[in-house]
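Commentary on secondary and tertiary structure
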Amino acid sequence: MDMQRRRFYDFGAFRLDTQNHFLVRDGGETVSLTPKEFEVLLVLIEHAGDVVAKDALLDAVWKDTFINEETLTRNVSWLRKKLGGEKFIETVPKFGYRFAAQVTARDAPDLIIEEQTVQHIRVEETISLSEPPAVAGGLLRDEGRGQRDEKNIAKDGFVHPSSLILHPSSYPPATAGGSDKKLWLALTFGVVAIAAIAFTVYQNFFRQSAPRTIFAAKIVPLTGAAGHEDTPAFSPDGRQIAFSWNGGDEVRNFDIYVKLVGAGEPVRLTKHETNDLNPTFSPDGLHLAFVRTFATHSELMLIPALGGAERKICDLRPTLSGVSFSPDGKTLAVDNGDTSGEQTGIFLVTVETGEKRRLTAPPEYAADDKPKFSPDGKSIVFVRSFGSIVQELFVVSSAGGDARQLTFDKTEITGAAWNADGTKIVFASRRGKGSETKLWQMAATGGGEPELIATGGKNPANPTVAPDGRTIAFVESSQDMNIWRLQRDEGGGMRDEKNTVKTGSIHPSSLRPHPFIKSSRNDNSPHFSPDGTRVVFASDRTTNYDIWIADADGSNARQLTDLEDAPTGSPRFSPDNCFVAFDAQVSGNGDIFVVPADGGAIRRLTESDSFDFMPSWSADGNSIYFASNRGGDEQIWKMPAAGGDAIQITKQGGRESFESPDGAELYFSKAEGATGLWRVPSDGGEENAVPELAEAGYWRAWTITREGIYFVARTAATPYKIKFYDFKIRQLKEIAQTEKPPVWVFSGLSVSADGKTILYAQNDQNASSIMLAELGK
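Described in the following lines is the structure provided in the data block.

Rules of the game
Residues numbered from 1 in each chain as written. Predicted model: local features only at pLDDT ≥ 70, side-chain atom pairs only at ≥ 80, totals over all residues. Heavy atoms only, no water. Salt bridge = Lys/Arg side-chain N within 4 Å of Asp/Glu carboxyl O. Helix = DSSP H or I, 4+ residues; strand = E, 2+ residues; numbered from the N terminus. Buried < 20%, exposed > 50% of the residue type's maximum accessible area, 1.4 Å probe, protein only. Pairing = 2+ DSSP bridges. Axes fitted to C-alpha atoms, helices over the stretch in contact; angles between N-to-C directions. Core = buried A, V, L, I, M, F, W, Y, C linked by side-chain atoms within 4.5 Å. Contact = heavy atoms within 4.5 Å.

**A few points about the pattern of salt bridges**
- Summed over the entire model, instances satisfying the criterion amount to 27 salt bridges.
- The salt bridge partner of glutamate 310 is arginine 292, with a shortest N-O separation of 2.8 Å. Of this pair, glutamate 310 sits in the loop between β21 (298-304) and β22 (311-316) while arginine 292 sits in strand β20 (residues 287-293), placing them 18 residues apart in sequence.
- Given the relative accessible area of 4%, arginine 292 is considered buried.
- What you see here is one network of salt bridges that share partners, running through Asp10, Arg15 and Arg106.

And the structure:
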């Protein structure tokens, strides 16, 4: 009988479960590890006492992936933090690392034990038979410290237990008298009985079960209305919910509404030409605070809960995130920045005077948002972002001090809230498998494994808990992004969805895109190869966002990258059609990678504590531009395509960029949501807005060709217009129209080199509703 043993390694206050990939602290608290952190720790523990070279670790953990030593250094640093600061892992300068702690290797539950401090870890058998030296189960141990496999080949040195195989040839042979056979059978059944007992003990005491699931009941929509509802907030008595809504109009701005729970129609409180977001009730229920957003700034506002005259409390940086009242009603927690030049952090605002005081100061590559006061007002939970889809939960005392990290999942978090008594935190996170967020609940102290709150909803976000703790409100969103195509004819016209040639003076509204790449998941970020034979794009059709490649007609789609839990995006072909540059969020940071267009080993170009993203190639293919916050704020940098040091190109902010066909200038957009495009010499210099492109850049729906720049113009009403800026005559021309909005966050426009085909990524389905769920007992 072939039986696989479950291996544990105990050290200090920790136990590492190699089969379930758990690291458990004394008391049953699970320490969250990424797959790579787990592999690094396992390799070090299996070689405890010995120095493991950096190259050996890189080969063992990142096989077939090109990375440098900074990734290993960062993972070791994170491991040390998660191990509580104890010096389990020693650094051997210029060589590698050594696991210095005493380690006990166990096979479930405690049949095989050996303690080791400096020597190599080996497994000692506690059950042995007389000659020949075959242990029960058929695993041969060598006379020395090594072991032998089924071919009787000695296994010296570092041997993983999985390489030692059970085989029938090691069973003792039967004899004529049968006494040896009976003895062997008795011993065999004894071993099996012990194994069965051991397995039972293991199941009851050692196995780390799946996270507990709380099943929500009676899940109903708040309004059932069309459009986008967002940022719900309960009134102090739990009878009303304030929220933002666009009124069911795809292009209308958001306003503040209030609705009774379970009855009545929403009551509109604000009516403004820009977005009003993130309402929150004052503790007495008489007022609502909210954020009004503008292109250059935001305003923190106060309005009576029944409607009436508004009062501006203070100005803020442009923000779309959270606002929270202190229990005494005198203070608001917001996310904001100041003139210190530090990153966006949590600020406390005095409601009466508008005075602001910084509470958190995140690292230069991070930003804090979505603050929520605890019910007793002593603590504030918030989200710290290390990239667009990498966040962690932190908590800080409202009196000030260092923030304490609660989660270590390195994934997207879309909101958090306290439960009624302040002992737990409910949050929406993409932790676990799959590309959708789920609701979770964890202890406010951060200990233990989070519990899953099963709602059956799609991508829940922005949860809030009713004052009685029995109901959760959250935002459920549904989205389906697909890539569509417009075809231009030889004579300068275009083709519609029936492939009919549109010639002469054709109004753009007569041109309709038709499906090009479409799936039940999200497909976006298309980019044509310069020779027009292939298209790369990003898709989450395998749950994680990866880079895919297809033929020019959209057929024969195949996966180009598979970076497990590292979301990838922004693929860009090199000018020679041979490579694809893209960004990926590995272990919490964004970095730039290059992969052969025909598939092969992935090469990592950047690796630092900064967030590097949105790559593009220079016209000659020798350089790659990318956006980065490595200098403290987002600017555009340039580095050799073969790797090397990067130089800063922009000084006044920059995001997505494309070099002009002659290589002389770089066109670029600025902050997310900012309208307009700028240009700068390709090696840096004076930065100037392009007046003719004032409508471009709001979405990431713009691209460059030899003849000019195509973009989707910002608009306050449908249709959405695709326009073309001609480099020669420096004039605009409307090319096409669409009723569907372009994708947000992801790139959404590509044009073939000959200008005959336009690819347009759009939201075929994009809606959000506020849902109410009663928590099961």
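**Details of the sheet that holds strand β15 (residues 229-234)**
- Spatially, β15-β16-β17-β18 is the arrangement adopted by the four strands of the open sheet, whose pairing is antiparallel. Both outer strands of the open sheet, β15 and β18 (267-268), are each paired with one neighbouring strand and no more.
- As paired elements, strand β16 (residues 240-245) and strand β17 (residues 255-260) share six bridges and run antiparallel to each other. Considered in β17, the bridge of glutamine 240 is made with leucine 260.

**So, the sheet that holds β20**
- With antiparallel pairing, four strands are arranged side by side in an open sheet as β19-β20-β21-β22. Looking along the sheet, the strands with just one partner apiece sit at the ends: β19 (276-281) and β22. Strand-to-strand twist in this sheet, taken as the mean axis angle between neighbours without regard to direction, amounts to 20°.
- The sheet contact formed by β19 and β20 spans four bridges and is antiparallel. If you follow threonine 280 over to β20, its bridge partner there is alanine 289.

**What about unusual backbone geometry?**
- A positive phi angle is found at asparagine 462, which is not glycine, with a value near 45°.
- Checked against the element boundaries, asparagine 462 lands in strand β35 (residues 461-465).
- The phi dihedral of methionine 614 is positive, around 55°, even though this residue is not glycine.
- Tracing the sequence through the fold places methionine 614 in strand β48 (residues 612-617).

**Describing the nonpolar core**
- Within the largest apolar cluster, 31 residues are counted, with the highest numbers of intra-cluster contacts made by Phe11, Leu16, Leu23, Val40, Leu41, Ile89 and Phe99.
- Among the secondary structure elements, those contributing two or more residues to this core are β1 (7-11), β2 (14-17), α1 (35-46), α2 (54-61), α3 (69-82), β8 (96-99) and β9 (103-107).
- At seven residues, α1 tops the list of elements feeding residues into this core.
- Setting aside anything within four residues of it in sequence, one finds leucine 23 in contact with Phe11, Phe14, Arg15, Leu16, Glu29, Thr30, Val31, Leu33, Leu41 and Leu83.
- Counting residues in hydrophobic clusters, the runner-up holds 29 residues, among them Phe528, Phe537, Val586 and Leu759.

By themselves, these are just geometric observations and shouldn't be taken as functional.
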